[in-house]
Amino acid sequence: LAAGGVGGLAHDVGEQVEDAFVDDVAAATGTTHGDAESAVLAGIESMRSLGLLDRREPFWVPAPVTGSLLERDDLPTSKPHAVLDRFIVFRSSDQALLDDIDSLLRDSTTALPPTDSFDISPGPTGRVCLQAAEEWDFPNRDNLFAQLPGVLNDFAARSHTLAVLHAGAVRTPTGRVLVISGDSASGKSTLVGALVQQGCAYFGDEMIGLRSNPNETLPYPKPLELDEESCRVLGVQAKSPPHLRTHELRSDPTSLTEPAGAVSEIVFPSFQPGHPTEVTRLDTDAALEALLGQTVNLARAGEPGLRTVCELAETVPVSRIVHGDSIALAELLLDNDGSAPTQV
């Protein structure tokens, strides 16, 4: 529905749809006119509940976010760091501060030329100011380092050029791209960490960019945010703030900073202590609803972003997996590398 006919329905959708549209859906799906009409109306109601249809208030697409607008070629810069399809350098007169940022964000370091600059200026009484198109003020350097991945998360989430999924992702040893999506308490970062420990290349654990034509996955390999319990499960030392780099998970990690191949599989994990592993493959409608619920920038990405999400729901295996052991689930996903886990 979204890919084929939402443009004509987006402004005011009633309980009736044109017969010609229903006929097209019936022909495309091999169903009767009545079944197709029921499916279309159910899809409309689902999209209405997600806020994608029947807006009654004016809506203005937010302006794209940018880096600093200042001309400061005289300042030293950090290494470029990949944040989806943007490549950010930090500028400051304090080289030691830039070195510390490079160390914190080492997994995202890239050789690609920068697209945006963020300026960092010392303030009175040890305060630090971070300036891009917006400005952030931190009480000290430690607070800057603690909050910086979150600032870049927000920058990634406001992309106008990609569909951005609240998700982590890895590339398996056989080259398949697994996207791990879900709410903050779903255990996705722990599962991503377990997959990295077992030989997967790291894309990120919070924001993953997706686009079609060509199908590509855009990484943001930020430090993983792992609480004390997640660190215990993975056998690593808990930290405060809870930012772990991949070399703390595995001695020879690989982090990806350039566009990779298309998504091979999408998993929505749900960690429940002591629960046996249960895998449920989602049909196209359920997959689309789940993906839309985790896409953080639909208003900004517009129709191309919506089309990308629809194509994923139609073409990529999507599963919900309830489990009680992140390590065992990572092993299961890799044992089944090349095919989705067995449905339960």
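Please refer to the structure higher up on the page.
So, here's what we can say about the structure. (Residues numbered from 1 in each chain as written. Predicted model: local features only at pLDDT ≥ 70, side-chain atom pairs only at ≥ 80, totals over all residues. Heavy atoms only, no water.)

## Regarding unusual backbone geometry
No. 1: In this structure, Pro214 follows Asn213 across a cis peptide bond, with omega equal to 0 degrees.
No. 2: Tracing the backbone through its elements, the reader meets Pro214 in the loop between β9 (207-211) and β10 (216-218).
No. 3: Omega for the peptide link from Ser240 to Pro241 comes to 0 degrees, which places this bond in the cis form.
No. 4: The backbone phi angle of Thr125 is positive, close to 55 degrees, even though this residue is not glycine.
No. 5: Relative to the helices and strands, Thr125 resides in the loop between β3 (116-122) and β4 (128-131).
No. 6: At Asn213, a position not held by glycine, the phi torsion is positive, near 55 degrees. (Helix = DSSP H or I, 4+ residues; strand = E, 2+ residues; numbered from the N terminus.)

## Some words on the packing of aromatic side chains
No. 1: According to the stated counting rule, one finds three aromatic pairs in the structure shown.
No. 2: Relative to Trp136, the ring of Phe118 lies with its centre 6.3 Å away and its plane at 10 degrees, an arrangement referred to as stacked. Residue Phe118 is found in strand β3, and its partner Trp136 is found in strand β5 (residues 135-138); the two are separated by 18 residues along the sequence.
No. 3: Exposure remark for Phe118: the relative accessible area of 0% places this residue in the buried category.
No. 4: Taking 5.6 Å as the distance between ring centres and 80 degrees as the angle between the ring planes, the aromatic pair formed by Phe118 and Phe155 counts as edge-to-face. Taken together, the positions of Phe118 in strand β3 and Phe155 in helix α5 (residues 141-157) put the pair 37 residues apart, joining distant regions of the chain. Here Phe118 matches Phe155 in class, with each residue buried.
No. 5: Here the aromatic cluster, defined as three or more aromatic residues joined through ring pairs, consists of Phe90, Phe118, Trp136 and Phe155. (Phe/Tyr/Trp six-rings, centres within 6.5 Å; stacked < 30°, edge-to-face > 60°. Buried < 20%, exposed > 50% of the residue type's maximum accessible area, 1.4 Å probe, protein only.)

## A closer look at the side chain of Ser159
No. 1: Position of Ser159 among the secondary structure elements: in the loop between α5 and β6 (163-171).
No. 2: Separated by 3.3 Å, the side chain of Ser159 and the backbone nitrogen of Leu162 make a polar contact.
No. 3: Contact partners of Ser159, with chain neighbours within four places excluded, come to Val164, Asn297, Arg300 and Ala301. (Polar contact = N/O pair within 3.5 Å; in protein donor to acceptor, adjacent residues only side chain to side chain. Contact = heavy atoms within 4.5 Å.)

## A short note on the pairing of β4
No. 1: The sheet contact formed by β3 and β4 spans four bridges and is antiparallel. By the bridge assignment, Asp119 is partnered in β4 with Gln131.
No. 2: From the end of β3 to the start of β4, which pair antiparallel, there are five residues, and Thr125 there has a positive phi angle of about 55 degrees.
No. 3: Linking β4 to β5, which pair antiparallel, is a turn of three residues. (Pairing = 2+ DSSP bridges.)

## So, the sheet that holds strand β1 (residues 81-83)
Within a sheet, neighbouring strands are paired by backbone hydrogen bonds and run either parallel or antiparallel to one another.
No. 1: With mixed pairing, the five strands of this open sheet are ordered in space as β1-β2-β3-β4-β5. Two strands bound the open sheet, and with one partner strand each, they are β1 and β5. Neighbour-to-neighbour, the strand axes of this sheet turn through a mean angle of 25 degrees, independent of strand direction.
No. 2: Pairing geometry for β4 and β5, over four bridges, is antiparallel. Looking across to β5, one finds that Leu130 is bridged to Trp136. (Axes fitted to C-alpha atoms, helices over the stretch in contact; angles between N-to-C directions.)

## Regarding the pattern of salt bridges
No. 1: In the structure shown here, the tally under the stated rule is 17 salt bridges.
No. 2: Between Glu134 and Arg158 there is a salt bridge; the shortest N-O distance is 2.8 Å. Of the two residues, Glu134 sits in the loop between β4 and β5 while Arg158 sits in the loop between α5 and β6, which places them 24 residues apart along the sequence.
No. 3: On the basis of relative accessible area, Glu134 is assigned to the partly exposed category, the value being 36%.
No. 4: With relative accessibility at 17%, the residue Arg158 sits in the buried group.
No. 5: Taken together, the shared-partner salt bridges in this structure form one network comprising Glu134, Asp154 and Arg158. (Salt bridge = Lys/Arg side-chain N within 4 Å of Asp/Glu carboxyl O.)

## A word on the packing of helix α2 (residues 19-29) against helix α3 (residues 33-49)
Relative placement of two packed helices is described by the angle separating their axes and the distance separating the axes.
No. 1: Relative to each other, α2 and α3 sit at 105 degrees, their axes nearing to 8 Å. Taken together, the axes of α2 and α3 lie roughly perpendicular to each other. Counted together, Asp19, Phe21, Val22, Asp23, Val25 and Ala26 of α2 and His33, Ala36, Glu37 and Val40 of α3 form the full contact between these two elements.
No. 2: A breakdown of the residues in the contact of α2 with α3 according to their chemical character gives six nonpolar, one polar and three charged. (Parallel < 35°, antiparallel > 145°, perpendicular 65-115°, else oblique. Nonpolar A, V, L, I, M, F, W, Y, C, P; charged D, E, K, R; others polar.)

## Section: the pairing of strand β15 (residues 318-323)
No. 1: As defined by bridge partners, strand β13 (residues 265-271) adjoins β15 across six bridges and the pair is classed as parallel. For Ser270, the partnering residue across the bridge sits in β15 and is Val322.
No. 2: With four bridges joining them, strand β14 (residues 278-281) and β15 adopt antiparallel strand pairing. Looking at β15, one finds that Val279 is bridged to Ile321.

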